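What follows is each chain in one-letter form.
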Amino acid sequence: MMWLLLACSGDKIVIEPSTEPIPTDCLTDEEYYSALVDPVFQQNCVACHSSAGIASTTRMVLSDDVEVNFTVVSALAEVMDGDQYLLLTKPTNTHSNGHSGGQPIAPDSEEYDQLELFVGRINELADDCDTDVDLSSTSSEGDCGTEILPQRILRRLSHIEYDNTIQDLFGLSDTWATGFAADNVSHGYDNNAHALQMSPLLLDQYSNAADDIAASVVAQGIQNHASCTSLNRACAETFLQTKGTEIFRRPLTEQDVEGYLELYDLAADDGFDVGMTWLISSLLQSPHFLYRSELGVRQDDDSFALTSWEISTELSYLFWQTTPDSELLDLAASDVLQDPQAVAEQVDRLLQDERSANVMVEMGQQWLGLKGLGFVARDTELYPELTTEVRTAMAVESNMVLATAFDQNETLSDLLLNQTTYLDQTLATYYDLTVTASSNFEPVDLSDETRFGGLLGQGALMTVHALPTSSSPIHRGLLVRERFLCQELPPPPANLDTSPPSVDPTLSTRERYAQHSSDPACSGCHELIDPLGFGFEHYDGIGRWRAMDGPHDIDASGEILNTLNRKKGVTIVLVEQNMEFITELSHRIKIMEKG
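Model, not experiment: these values are computed from the prediction. (Residues numbered from 1 in each chain as written. Predicted model: local features only at pLDDT ≥ 70, side-chain atom pairs only at ≥ 80, totals over all residues. Heavy atoms only, no water.)

Caption draft 1: Quick peek at the overall build of the protein. Scanning the protein from N- to C-terminus turns up 22 helices and 16 strands. Within the protein, the fraction of its 595 residues that count as buried is 48%. Long-range contacts, defined as pairs at least 24 residues apart, comprise 61% of the intrachain contacts of the protein with a sequence gap of at least 6. Surface summary for the protein: the accessible area is close to 28900 Å², and the carbon and sulfur share equals 51%. (Helix = DSSP H or I, 4+ residues; strand = E, 2+ residues; numbered from the N terminus. Buried < 20%, exposed > 50% of the residue type's maximum accessible area, 1.4 Å probe, protein only. Contact = heavy atoms within 4.5 Å. Areas by Shrake-Rupley, 256 points an atom, 1.4 Å probe, with all protein chains shown as cover.)

Caption draft 2: Up close: the state of the cysteines. The tally for this structure, following the rule as stated, stands at two disulfides. Shown here is the disulfide that connects Cys-26 with Cys-129, its sulfur atoms set 2.0 Å apart. An S-S torsion of about 120° defines the bridge between Cys-26 and Cys-129 as right-handed. Taken as a pair, Cys-26 in the loop between strand S2 (12-21) and helix H1 (29-44) and Cys-129 in the loop between helix H4 (110-122) and strand S5 (153-156) lie far apart in primary sequence, 103 residues in all. By relative accessible area, Cys-129 is classed as partly exposed at 46%. Here Cys-228 connects covalently by a disulfide to Cys-235, the sulfurs 2.0 Å from one another. Residues Cys-228 and Cys-235 are joined by a disulfide whose S-S torsion is about 85°; by sign, that bridge is right-handed. (Disulfide = S-S within 2.5 Å.)

Caption draft 3: Just the environment of Asp-504, in detail. Looking at where Asp-504 falls in the secondary structure, it is placed in the loop between helix H19 (473-484) and helix H20 (509-516). Accessibility expressed as a relative area gives 29% for Asp-504, which makes it partly exposed. A distance of 2.7 Å separates the side chain of Asp-504 from the side chain of Thr-506, its partner in a polar contact. (Polar contact = N/O pair within 3.5 Å; in protein donor to acceptor, adjacent residues only side chain to side chain.)

Caption draft 4: Expanded view of helix H15 (residues 388-407). Counted at 1.5 Å a residue, the expected span for H15 with its 20 residues is 28 Å, and the 28 Å between its end C-alpha atoms agrees. Every buried residue of H15 is listed here: Val-390, Arg-391, Ala-393, Met-394, Glu-397, Ser-398, Val-401, Leu-402, Thr-404 and Ala-405. Where H15 is buried, its residues touch helix H14 (354-368), helix H16 (412-417), strand S9 (420-423), helix H17 (425-430) and helix H18 (459-464). One or two steps after H15, the chain reaches Asn-409, where phi turns positive at roughly 60°. (Expected span 1.5 Å × (residues − 1).)

Caption draft 5: Quick look at the nonpolar core. Counting residues in hydrophobic clusters, the biggest one holds 41 residues, and the most contacted among them are Met-394, Leu-423, Tyr-430, Tyr-431 and Phe-484. At the level of secondary structure, the elements contributing two or more residues to this core comprise H14, H15, H16, S9, H17, H18 and H19. If you tally residues by element for this core, the top one is H15, at six residues. Met-394 has contacts with Leu-373, Leu-386, Leu-427, Tyr-430, Tyr-431, Gly-459, Ala-460 and Thr-463, leaving out every residue within four places of it along the chain. Membership of the second largest hydrophobic core comes to 40 residues, among which are Leu-157, Val-218, Cys-228 and Phe-239. (Core = buried A, V, L, I, M, F, W, Y, C linked by side-chain atoms within 4.5 Å.)

Caption draft 6: Main features of the packing of aromatic side chains. Tallied over the full model, the rule gives 14 aromatic pairs. Ring geometry for Tyr-162 and Phe-180: centres 5.1 Å apart, planes at 75°, overall edge-to-face. With Tyr-162 in helix H5 (residues 159-170) and Phe-180 in the loop between H5 and helix H6 (200-220), the pair connects residues that are 18 residues apart, well separated along the chain. On the basis of an interplanar angle of 80° and a centroid distance of 5.2 Å, the ring pair of Phe-180 and Tyr-206 is categorised as edge-to-face. Here Tyr-206 lies in helix H6 and Phe-180 lies in the loop between H5 and H6, a separation of 26 residues in the sequence. Relative accessible area serves as the criterion here: at 1%, Tyr-206 is assigned to the buried category. Here the aromatic cluster, defined as three or more aromatic residues joined through ring pairs, consists of Tyr-430, Tyr-431, Phe-452, Tyr-539 and Trp-545. Directly above the ring of Phe-304 sits Arg-152, whose terminal nitrogen or CZ lies 3.7 Å from the centroid. Between the NZ or CZ atom of Arg-355 and the centre of the ring of Trp-320, over which it lies, the distance is 3.7 Å. (Phe/Tyr/Trp six-rings, centres within 6.5 Å; stacked < 30°, edge-to-face > 60°. Lys NZ or Arg CZ within 6 Å of the ring centre and 35° of its normal.)

Caption draft 7: A look at unusual backbone geometry. At Glu-124, a position not held by glycine, the phi torsion is positive, near 55°. Inspection of the secondary structure puts Glu-124 in the loop between H4 and S5. The backbone of Asp-302 sits at a positive phi, close to 70°, despite the residue not being glycine. One can find Asp-302 in the loop between strand S7 (297-298) and strand S8 (304-305). Residue classification places Asp-302 among the exposed residues on the basis of a relative accessible area of 52%.

Caption draft 8: Expanded view of a nonpolar patch on the surface. A cluster of nonpolar side chains, contributed by Leu-266, Val-274 and Trp-278, occupies part of the molecular surface with about 310 Å² of accessible area. Looking at where Leu-266 falls in the secondary structure, it is placed in helix H8 (residues 254-267). In this structure Leu-266 comes out as exposed when scored by relative accessible area, which is 65%. (Patch = residues over 30% accessible without salt bridge, like charges linked within 9 Å, V, L, I, M, F, W, Y side chains within 5 Å. Salt bridge = Lys/Arg side-chain N within 4 Å of Asp/Glu carboxyl O.)

Caption draft 9: Main features of the pattern of salt bridges. Taken as a whole and judged by the stated rule, the model has 20 salt bridges. For the salt bridge of Arg-250 with Asp-256, the shortest nitrogen-to-oxygen distance reads 3.3 Å. One salt-bridge network, held together by shared partners, links Arg-155, Glu-161, Arg-292 and Glu-294.

Caption draft 10: Representation of the side chain of Glu-161. Topologically, Glu-161 is positioned in helix H5. Judged by relative accessible area, Glu-161 falls into the buried class, the value being 2%. Polar side-chain contacts of Glu-161 include one of 2.9 Å to the backbone nitrogen of Ser-158. Each residue touching Glu-161, except ones within four places of it in the same chain, is listed here: Arg-156, Asn-191, Arg-292, Tyr-317 and Gln-321.

Caption draft 11: How the structure looks around the packing of helix H7 (residues 233-248) against helix H9 (residues 272-284). Here H7 crosses H9 at 25°, and the two axes come no closer than 11 Å. Taken together, the axis directions place H7 and H9 in an arrangement best described as roughly parallel. Handedness of the H7/H9 crossing: right-handed. Facing Cys-235, Ala-236, Phe-239, Leu-240, Ile-247 and Phe-248 of H7, the residues of H9 in contact are Phe-272, Met-276, Leu-279, Ile-280, Leu-283 and Leu-284. Its residues placed into classes, the contact of H7 with H9 shows twelve nonpolar, no polar and no charged. (Axes fitted to C-alpha atoms, helices over the stretch in contact; angles between N-to-C directions. Parallel < 35°, antiparallel > 145°, perpendicular 65-115°, else oblique. Left-handed = near helix turned anticlockwise from the far one by under 90°. Nonpolar A, V, L, I, M, F, W, Y, C, P; charged D, E, K, R; others polar.)

Printed below as a string of structure tokens:
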């Protein structure tokens, strides 16, 4: 942490870290709190933990009075929940009940070390001149301390993974999963294991899909999937021992084979095809098919190591979103994937496949919320220009930019500042750009263009994060705060009216939202969102650049508030122009990447 110095530069007000570190030797508890702890809480916690914030009823209510805050926080520093200090578990989101404000302080950060030392001081476990303290001995986990161990888990196939797997196993291109019950996934990521639950409805849908798929496979001819000379029980067993390995992504045990053959026998009285239909349908409803195992095998030191079969599956679904191919299965059968070098070679191989780029683009779409571009509602009278053709063109632009970034190994900050995009003439005309574009999507240099350029200047992103009749500083600010700065905000209280401010022709969008966020119950979080979103006010509700907001001049100044550079101090910058805003944001993210 550094002292803060105020400086003025042109149209910017900059608070920058000085090069002089805060003296920490032999401070009193009050001095230590004032210099090192209160600034962290002011940057990360006060938005919610204030008298007007959503955490105003908790024991931690902060103000702008450091002495009052010291009294409040010192009392909390003595509180233990079980064998852990509440002041350490809540902000790090390691409390058994979680923390509605997410994780404002990382357990391995400099801020955590300073907070831990403060707790140690208050509880007389550290002296005024100590520079560190280890409170992990208070944990019931003994020698493990606060170490985060890998989680053993079963991962249900996502809907995309399900369809890809069926196609690669059997060559069937139907998309059964498009009709499955939607998953309530966090932040749009459809492979969030904790959100991929099994509802009764989905269970029924899996059963129906398995019956359809099994019937299609049998209609193709079992000989396409197993080397059988005769269509009989022996063929069913051959299918289990060969194709069954591909379906379960591991060899079937003797008990597995016996159980499925008993099922085959029950149905085979009505013929071989009926017996095989039952058998295949049952395989496709098994947890060994529907779930990916990352349980591992217990080692001598009581840790768990993934098997080669689990590693092959993890690699394939990570890079290709589908079942392992024959090379991965062969390596798993030989137990070669216990060798890190062999795993690294497979990673290189998988990355060279076009499917990896497709998966990275898919991830980018989910990260940015772009998958809603095709159907987000817009007032057709206000925005008749947003045609299906334009929506498709904007999606192509974003996808090509993401694919290129992956192919060229660009960083996130590169994505933000890259002045090359992909346009056809339809999109160039839509953006009102003078660049020359062909009927096909080709790279276009926007270095001389002040209105567009970089990921956050794309029409697709600005369109998705807007409202049906206007831009939306809240949607765009929240996008930057959570998706780019990785600062999760708690949901608004249930009793608050979270509807956008009503349209008033006498007010600009900025003025309407300024009134909206002046409510003390709202302002704590909105001061972290709206100032970011105001930086994009030159983009209208469908991603076009505008010089005016109706009859109103646009004030596109924005503030990047309450970001904490964990190693180099705090920087707060008021910026006036859009690209200047994005450049500063890129600078913050680049520091995070290095940190």
